[in-house]
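Geometric and topological summary
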Number of protein chains: 2
Amino acid sequence: MDEVRVIEIKKSVFAANELHADDLRAELKKNKTYLLNVMSSPGSGKTTTLTRVINLLKDKFSIAVMEADIDSDVDAKTIARLTGVDAIQLHTGGMCHLDAEMTKQGLDNLNGKHYDLIILENVGNLVCPAEFDTGAVKSMTILSVPEGEDKPLKYPLMYQVCSLVVINKIDAIGIFDFDIEKVKGYIARRNPDAKVIPISAKTGENIEPLAAWIENEVNAWKED
Amino acid sequence: MDEVRVIEIKKSVFAANELHADDLRAELKKNKTYLLNVMSSPGSGKTTTLTRVINLLKDKFSIAVMEADIDSDVDAKTIARLTGVDAIQLHTGGMCHLDAEMTKQGLDNLNGKHYDLIILENVGNLVCPAEFDTGAVKSMTILSVPEGEDKPLKYPLMYQVCSLVVINKIDAIGIFDFDIEKVKGYIARRNPDAKVIPISAKTGENIEPLAAWIENEVNAWKED
């Protein structure tokens, strides 16, 4: 796809988002589609990380990406151009997060094909997206080295709701004071079960374990 | 101050935040106190930048800092330890932004001294804080080099409401693809009147023009 479609998402009218999120997950389970919710600060490298991972997984799975942003369609265009998978842009109309109903609007605008894996890139924000269950099977967050070690202390909920924490931009670790063991300790304080994978999306370092984690997740979701 | 006070901020009951923000500004004007609202992504270097600036200005003005965070008191402690000025921590109880009423709760918890300059470090978030007028005289935002050039495209309102954009971490420009002229063009698209100052809070490079901008602002507010 050269031109990507931009979907204007309407604000959810559902008060009971949790219930609606469970319904969406049940539907995804029935369809054997794994939905992964990716959250982080602005500029932590969500799109670059996804591009790397998708290029490792696209021969194994049919994949689509939904890029949520307040404005602009640069991310969906980047994903489509660099990976060739189906990508749509969701405009949130100023909203700072996506909930399950908004996610459903995005899914309904995919082209009706079956996908094994759909990746939702949430709005870049460590606060609000963590508060709303999107209906995804699991959530991951990316913490980039230049942001500093203290993010799990300051944004506790984000780390509590994510099964996987990717530490990105480890190629820049030399010029920032960043101690991976220390940040692992902070993450464990918030969520002892969270898996932590350090990568460099820029250089491609250590992308394989991240792709393997997602691959296992998708296969387990289809099977059990 | 060794131990900093932590203030638990209650959610605002005011629907008409804009009106309340104007009232707060009028009160600040009467008291000849300049309130600066500082916003950015998590980890862009707000606290380090403020530490540098305050150390250049603290002999000229009486200064206080209010650090807003969802949790933790690390920022207020850092400011107090590294600058010696009065600093309090505002806990937002999960809220993703501050409005004028919440800002007023913070101001009421300062110790009653007269301050020429009060700096409000807002919650690290490019979305919600931009939507709420805190009652500050002006707002500034910090964009750090590792976040990338496209932030003014993706988070338009933040750049529309800020009079000053500080580009931080320019010491890291060599290892990130970041073109300052390009980002200046994107900022100008959102806000042609915004002033842009590139700095490195880590090395101290170019902090003087930033301190001078704030000094002029504070003096103009007291005089006119």
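Residues numbered from 1 in each chain as written. Chains lettered and ligands numbered in written order. Predicted model: local features only at pLDDT ≥ 70, side-chain atom pairs only at ≥ 80, totals over all residues. Heavy atoms only, no water.

With that settled, consider the overall build of chain A. Along its length, chain A carries nine helices and eight strands. The C-alpha atoms of chain A give 16 Å as radius of gyration, which agrees with the globular expectation for 224 residues (17 Å, within 12%). Overall size of chain A, expressed as C-alpha extent along the three principal axes, is 45 × 40 × 35 Å. Across the 224 residues in chain A, those meeting the buried criterion constitute 62%. Looking at chain A alone, contacts between residues at least 24 apart form 77% of all its contacts between residues at least 6 apart. Of the roughly 8700 Å² of accessible surface on chain A, 49% is carried by carbon and sulfur atoms. For chain A, the distance from the average site of its 26 positive side-chain charges to the average site of its 35 negative ones is 1 Å. (Helix = DSSP H or I, 4+ residues; strand = E, 2+ residues; numbered from the N terminus. Rg over C-alpha atoms; globule rule 2.2 N^0.38 Å. Buried < 20%, exposed > 50% of the residue type's maximum accessible area, 1.4 Å probe, protein only. Contact = heavy atoms within 4.5 Å. Areas by Shrake-Rupley, 256 points an atom, 1.4 Å probe, with all protein chains shown as cover. Lys, Arg positive; Asp, Glu negative; His and termini not counted. Charge placed at Lys NZ, Arg CZ, Asp CG, Glu CD.)

Looking now at the sheet that holds strand E3 (residues 63–69) of chain A. Residues and elements named next belong to chain A. On the basis of which strands lie adjacent, the open sheet formed by eight strands has the order E1-E4-E3-E5-E2-E6-E7-E8 and parallel pairing. Each having just a single partner strand, strand E1 (5–8) and strand E8 (195–198) make up the two edges of the open sheet. Across the sheet, the axes of successive neighbouring strands diverge by a mean angle of 25°, strand direction being ignored. Direction of pairing for strand E6 (residues 138–144) relative to strand E7 (residues 164–168): parallel, over a ladder of five bridges. The residue bridging leucine 143 from the neighbouring strand is isoleucine 167, located in E7. On top of the sheet, helix H4 (residues 100–108) reaches E1, strand E2 (34–40), E3, strand E4 (86–91) and strand E5 (117–121); it is set at about 130° to E3, its chief contact. (Pairing = 2+ DSSP bridges. Axes fitted to C-alpha atoms, helices over the stretch in contact; angles between N-to-C directions.)

With that out of the way, let us pick up the environment of proline 129 of chain A. Residues and elements named next belong to chain A. Mapped onto the elements, proline 129 comes out in helix H5 (residues 128–131). You can call proline 129 buried: its relative accessible area is 1%. Each C-alpha atom, one on proline 129 and one on lysine 182, is 25 Å from the other, the two residues being 53 residues apart in sequence.

Overall, the predicted model of chain A reaches an average pLDDT of 92, with 95% of residues at or above 70. With pTM at 0.90, the complex prediction returns an ipTM value of 0.84. (pLDDT = per-residue confidence, 0-100.)

Time to look at the packing of aromatic side chains. Within the structure shown, the criterion is met by three aromatic pairs over all chains. The ring of tryptophan 221 of chain A carries the charged tip of lysine 29 of chain A above its face, separated from the ring centre by 4.3 Å. Across from the ring centre of phenylalanine 176 of chain B, 6.0 Å away, lies the NZ or CZ of lysine 202 of chain A, which sits over that ring. (Phe/Tyr/Trp six-rings, centres within 6.5 Å; stacked < 30°, edge-to-face > 60°. Lys NZ or Arg CZ within 6 Å of the ring centre and 35° of its normal.)

By the definition in use, this model includes 26 salt bridges over all chains. The partner of lysine 77 of chain A in a salt bridge is aspartate 73 of chain A, with the nearest N and O atoms 3.6 Å apart. Note that lysine 104 of chain B and aspartate 108 of chain B form a salt bridge whose closest N and O atoms lie 3.2 Å from each other. Of this pair, lysine 104 of chain B and aspartate 108 of chain B both sit in helix H4 (residues 100–108), separated by four residues, roughly a single helical turn. A single network of salt bridges, built from pairs that share partners, joins Asp75 of chain A together with Asp150, Lys151 and Lys154 of chain B. (Salt bridge = Lys/Arg side-chain N within 4 Å of Asp/Glu carboxyl O.)

Residues and elements named next belong to chain A. With their axes 9 Å apart at the nearest point, helix H2 (residues 46–57) and helix H9 (residues 207–223) run at an angle of 65° to one another. For the element pair H2 / H9, the angle class is roughly perpendicular. The element H2 and its partner H9 pack so that their crossing is right-handed. Residues Thr49, Arg52, Val53, Leu56 and Leu57 of H2 touch H9, and the partners they reach there are Ile207, Glu208, Leu210, Ala211, Ile214 and Glu215. Of the residues belonging to the contact of H2 with H9, the class tally is seven nonpolar, one polar and three charged. (Parallel < 35°, antiparallel > 145°, perpendicular 65-115°, else oblique. Left-handed = near helix turned anticlockwise from the far one by under 90°. Nonpolar A, V, L, I, M, F, W, Y, C, P; charged D, E, K, R; others polar.)

So, on to the relation of the copies chain B and chain A. Superposing chain B onto chain A requires a rotation of 180° together with a translation of 0.0 Å along the rotation axis, leaving an RMSD of 0.0 Å. The superposition of one copy onto the other is thereby described by a two-fold rotation axis. When the interface residues of chain B are mapped onto chain A, 100% of them again lie at the interface, so the same face is used by both copies. (Least-squares fit on C-alpha atoms with pLDDT ≥ 70 in both.)

A separate point is the pairing of strand E5 (residues 117–121) of chain B. All names here are of chain B. Burial analysis of E5 places five of its five residues in the buried class, the great majority of the element. Judged from the five bridges that link them, strand E2 (residues 34–40) and E5 form a sheet pairing that is parallel. Note on E5: the bridge partner recorded for asparagine 37 is leucine 120. In this sheet, E5 lies alongside strand E3 (residues 63–69) in parallel orientation, the contact comprising five bridges. By the bridge assignment for E5, valine 65 is matched with isoleucine 119.

Time to look at the sheet that holds strand E8 (residues 195–198) of chain B. Residue and element names in this part refer to chain B. Spatially, the eight strands line up as an open sheet ordered E1-E4-E3-E5-E2-E6-E7-E8, and their pairing is parallel. The open sheet has two free edges, formed respectively by strand E1 (5–8) and E8, since each of these has just one partner strand. Between one strand and the next, the sheet's axes are offset by a mean angle of 25°, whatever the strand orientation. Bridge count for E2 against strand E6 (residues 138–144) is five bridges, and the pairing is parallel. The residue of E6 that forms the bridge with asparagine 37 is serine 139. Against the sheet, H4 makes contact with E1, E2, E3, strand E4 (86–91) and E5, and its axis sits at roughly 130° relative to E3, the strand it touches most.

This brings us to the interface of chain B and chain A. If you look at the interface, chain B gives 32 residues, while chain A gives 32 residues. Between chain B and chain A lies a buried interface of about 2500 Å² when both sides are counted; carbon and sulfur atoms form 59% of it. Together, Pro42, Lys154 and Ile175 of chain B form the three largest contributors to the area buried by chain B at its contact with chain A, with a combined 23%. Our enumeration of links across chain B and chain A arrives at two salt bridges. Across the pair lysine 154 of chain B and aspartate 75 of chain A runs a salt bridge, and its minimum N-O distance is 2.8 Å. Of all the elements in the fold, those that place two or more residues in the side of chain B that touches chain A are helix H3 (74–83) and helix H5 (151–154) of chain B. Of all the elements, H5 of chain B adds the most residues to the side of chain B that touches chain A, at three residues. Across the side of chain B that touches chain A, the residue classes break down as 15 nonpolar, six polar and eleven charged. (Buried area = accessible area lost by both parts, 1.4 Å probe.)

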